[in-house]
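# Architecture and fold: a report
Residue strings, one per chain:
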Amino acid sequence: MCSCIVPRVSTSLASLPTAAGPTPPRRRTRLLALPEARWALTATVAFLAGLACDVGGAPSWAYGILYAVAYAAGGWEPAREGLRALREKTLDVDLLMIVAALGAAAIGQTLDGALLIVIFATSGALEALATARTADSVRGLFDLAPDTATRLTADGEETVPAVRLAVGDLLLVRPGERIGADGRVVDGVSEADQATITGEPLPVVKRPGDDVFAGTLNGTGALRVRVERDPADSVIARIVTLVEEASRTKAPTQLFIERIEQRYAVAVVVAALTVFALPLAFGADLTDALLRAMTFMIVASPCAVVLATMPPLLSAIATAGRHGVLVKSAVAMERLGEIDTAALDKTGTLTEGTPEVTDVSPLPGCGLDADALLALAAAAEHPSEHPLARAVVGAARARGLRIAPASGFAATPGRGVRATVEGCVVEVGRMRDPADRMHGVDGVRDSVDGMHDRDDVPDSADGMHRPNGVPDSADRRQHRDGVPEPADRMRKPDGVPGDRMHGALHPSAGTTVLVTRDATPVGTLTLADRVRPAAPAATAALAGLTGTTPVLLTGDNAHAAARVAEVTGITDVRAGLLPEDKVNAVRDLQLAGRKVLFVGDGVNDAPALAAAHAGLAMGRAGSDLALETADAVIVRDDLTAVPAVVRLSRTARRLVRQNLVIAGTFITGLVLWDLVGHLPLPLGVAGHEGSTVLVGLNGLRLLRERAWQG
């Protein structure tokens, strides 16, 4: 039975429902729902009845019939699989077991042969149950998705099957309902319990603009959600698809075992024939020699060795999937545990990849407080679609400020924006020289902190966002001759206190823009690409796991990289890198004998993801190319999942080694017992099958919640 475990896992996972069809309610697989369990039960009942008749002195034909039923019920499936393998010119452990049972019956040991069949069938049923429970843990995600959803139309609302939803549909999600599709909130405020998808322990507040996932539970508020993904491409569907694909891959350890398995099986048969022939040559009894040889063939079979690898790795993949990390293959899961160095991208990985207003500083005597200054800047920026403009407008809305209408809006690439707000000409930008005030605001957009290596930020309508990987004039000036040009070399405009401008405009604080009203400076706004809250803890955990501080590889300038490195505790910083430079950095580390894990999100990270020993992509903001190239995807962009999945992989690898030791110990001990002493056939079967079940169950320990928590 053990030789079929890997195909059975693939078949079970392949049978999971897809998002394109109905999702019937499912429960945890019951033992007797499996045909293997029913046949094993039939064989066991027949055997026990026959044993009672045998011990009770019943006629031989009575218990003979019952033993025959046990042989047939427990042995027909492994016999079929064994003959199928034989037609393909391979030796199957199932066939060896059936031959041993029939051999026992041929020499009058019907009871021993029937016991062998019963133990073998019971072991197969337990393996099938363990495999089904692994599939259950993944299938449970699909069970969370509702069968129906409430779709809003011009005529009102209608209830439709969730699988018929399309991108663009508007859904009404009432309190306590499960969300029918992946999408974005357009109206309403509520909380969503996303624990089953992202692993977040507490409900997450959802407001307009926030993403929601199919199958998550809405809280006390009503939401209107715009569908943004086809049901077949939802997070749940992607988890199941990737796990199914992973189940069809085999780790290097498994491939090595399979390469030697056939040679080992042939060696076992040859050794069993030798164990049978040699005693006969020296005058041993035929029955004793045959029993010893059959026992040897059973206990030396590599069932437990074959099962040592895949159950731990597949269980780890399923557990990672439940916590929002999609590992694409068993190979990838095994490689994640081998890494000894982590290299991290900055923007979109360690940082959130979008700017936010971090400081609002009105100038003395301008007559504005912080809210009035922010509202004035937001009014001028409102028509723009640039990321900085969106950040300023978003900050004003978050404070509940009124944004006045603007007229005469004009945006100059690389310079800034100008608009008339309530009769005043308002300019937002950064000045390098006071004389530039007469010609607009110079260069605010050409040094957007944290945006330089973004690939998925759309070009703004005002044309201020440069193509990814193309250095602008400010970058070239900063990196001329390899010496960064200090930002505080910029001259301050008239009327601005030197200490305020020096502190606000220094790049370590982010990107600072100057707001002028009728050509008079009134204040500054500082924007920065916020470091993810979990970044310091994640980098510290990775340092603890690998024994070395992670490396920061970024296309951004040195000042911005240093700011992030200071917050996260990273000491090895490599800034101003083009995509090929990131690849070279990864290769240099690996040439030095390191096994590198690279974590990134953009198109420019894809080459490094492919070159690294293992690659992790941020799934929420990651580019399609990065997601396809990476070995694993972090669905909710939670950096703490990076060290968690590395720990999980190492635990899986440790269990594989444990299983190989367990299997080797059982085989060696039982073989020596049979050769040196006298090992009864039933006891040999019990030891062999017990070790097989033991290694299988040991691997399934990774399905528990504690496995992810470390």
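Throughout what follows, the structure given in this document is the object of discussion. As the structure is a prediction and not an experimental result, all values here were calculated from the model. (Residues numbered from 1 in each chain as written. Predicted model: local features only at pLDDT ≥ 70, side-chain atom pairs only at ≥ 80, totals over all residues. Heavy atoms only, no water.)

## With respect to the overall build of the protein
What the protein contains, in helices and strands, is 25 helices and 22 strands. In the protein, which comprises 710 residues, the share counted as buried stands at 53%. In the protein, of all internal contacts separated by at least 6 residues, the share reaching a separation of at least 24 is 68%. Accessible surface, the protein: about 29200 Å² in total, of which carbon and sulfur atoms supply 58%. (Helix = DSSP H or I, 4+ residues; strand = E, 2+ residues; numbered from the N terminus. Buried < 20%, exposed > 50% of the residue type's maximum accessible area, 1.4 Å probe, protein only. Contact = heavy atoms within 4.5 Å. Areas by Shrake-Rupley, 256 points an atom, 1.4 Å probe, with all protein chains shown as cover.)

## Brief notes about the packing of helix H14 (residues 370–381) against helix H15 (residues 387–398)
For the pair H14 and H15, interaxial distance at closest approach is 8 Å and the crossing angle is 135°. Comparing the axis directions of H14 and H15 gives the class oblique. Here the hand of the crossing between H14 and H15 comes out left-handed. Contacts between H14 and H15 involve Leu374, Ala377, Ala378 and Glu381 on the former and, on the latter, Ala389, Val392, Val393, Ala395 and Ala396. Across the contact of H14 with H15, the residue classes break down as 8 nonpolar, no polar and 1 charged. (Axes fitted to C-alpha atoms, helices over the stretch in contact; angles between N-to-C directions. Parallel < 35°, antiparallel > 145°, perpendicular 65-115°, else oblique. Left-handed = near helix turned anticlockwise from the far one by under 90°. Nonpolar A, V, L, I, M, F, W, Y, C, P; charged D, E, K, R; others polar.)

## Comments concerning the nonpolar core
Grouped together as the largest cluster of nonpolar side chains are 44 residues, with contacts concentrated most on Val327, Met333, Leu597, Leu616 and Val645. With 8 residues, helix H23 (residues 641–676) is the single largest residue contributor to this core. Judged by nonpolar contacts, the second largest core, of 36 residues, contains Met97, Ala101, Phe120 and Ala293. (Core = buried A, V, L, I, M, F, W, Y, C linked by side-chain atoms within 4.5 Å.)

## A word on the environment of Asp147
Mapped onto the elements of the fold, Asp147 is located in the loop between helix H5 (110–144) and strand E1 (148–153). According to the relative accessible area criterion, Asp147 is partly exposed, its value standing at 46%. Residues Asp147 and Arg178, spaced 31 residues apart in sequence, show a C-alpha to C-alpha distance of 9.7 Å.

## Quick notes on the side chain of Arg636
Examined against the element boundaries, Arg636 turns out to sit in the loop between strand E22 (632–634) and H23. Polar contacts involving the side chain of Arg636 include one to the side chain of Asp638, which spans 2.6 Å. (Polar contact = N/O pair within 3.5 Å; in protein donor to acceptor, adjacent residues only side chain to side chain.)

## What about the sheet that holds strand E20 (residues 596–600)?
Reading across the sheet, the 7 strands line up as E10-E22-E21-E20-E11-E18-E19 and stay open at both edges, with mixed pairing between neighbours. Every other strand in the sheet has two partners, leaving strand E10 (325–327) and strand E19 (572–574) as the edge strands with one partner each. Along the sheet, successive strands turn relative to each other by an average axial angle of 20°, direction set aside. One ladder, built from 4 bridges, connects E20 with strand E21 (residues 614–618); its direction is parallel. Note on E21: the bridge partner recorded for Leu597 is Ala614. (Pairing = 2+ DSSP bridges.)

## What about a nonpolar patch on the surface?
Taken together, the side chains of Leu31, Leu32, Leu41 and Val45 define a hydrophobic patch exposed on the protein surface, amounting to about 340 Å² of accessible area. Looking at the secondary structure, you find Leu41 in helix H2 (residues 35–55). (Patch = residues over 30% accessible without salt bridge, like charges linked within 9 Å, V, L, I, M, F, W, Y side chains within 5 Å. Salt bridge = Lys/Arg side-chain N within 4 Å of Asp/Glu carboxyl O.)

## Topic: the sheet that holds strand E2 (residues 156–161)
Spatially, the 6 strands line up as an open sheet ordered E2-E1-E3-E9-E4-E7, and their pairing is antiparallel. The strands lining the two open edges of the sheet, one partner per strand, are E2 and strand E7 (211–212). Relative to strand E9 (residues 223–227), strand E3 (residues 170–173) runs antiparallel, the two being bridged by 4 bridges. Bridged to Leu172 within E9 is Arg224.

## Examining the pattern of salt bridges
With the rule as written, the count across this model stands at 19 salt bridges. One salt bridge connects Asp169 with Arg151, and the closest N-O pair in it is separated by 3.1 Å. On the criterion of sequence distance, the pair formed by Asp169 in the loop between E2 and E3 and Arg151 in strand E1 is long-range, its members being 18 residues apart. Measuring nitrogen to oxygen at the nearest pair gives 2.8 Å for the salt bridge that ties Arg399 to Asp371. Remark: Asp371 occurs in helix H14 and Arg399 occurs in the loop between H15 and strand E13 (406–412); sequence separation between them is 28 residues. Looking at Asp371, the relative accessible area reads 33%, which means it is partly exposed. One network of salt bridges, with partners in common, ties together Arg80, Glu81 and Arg84.

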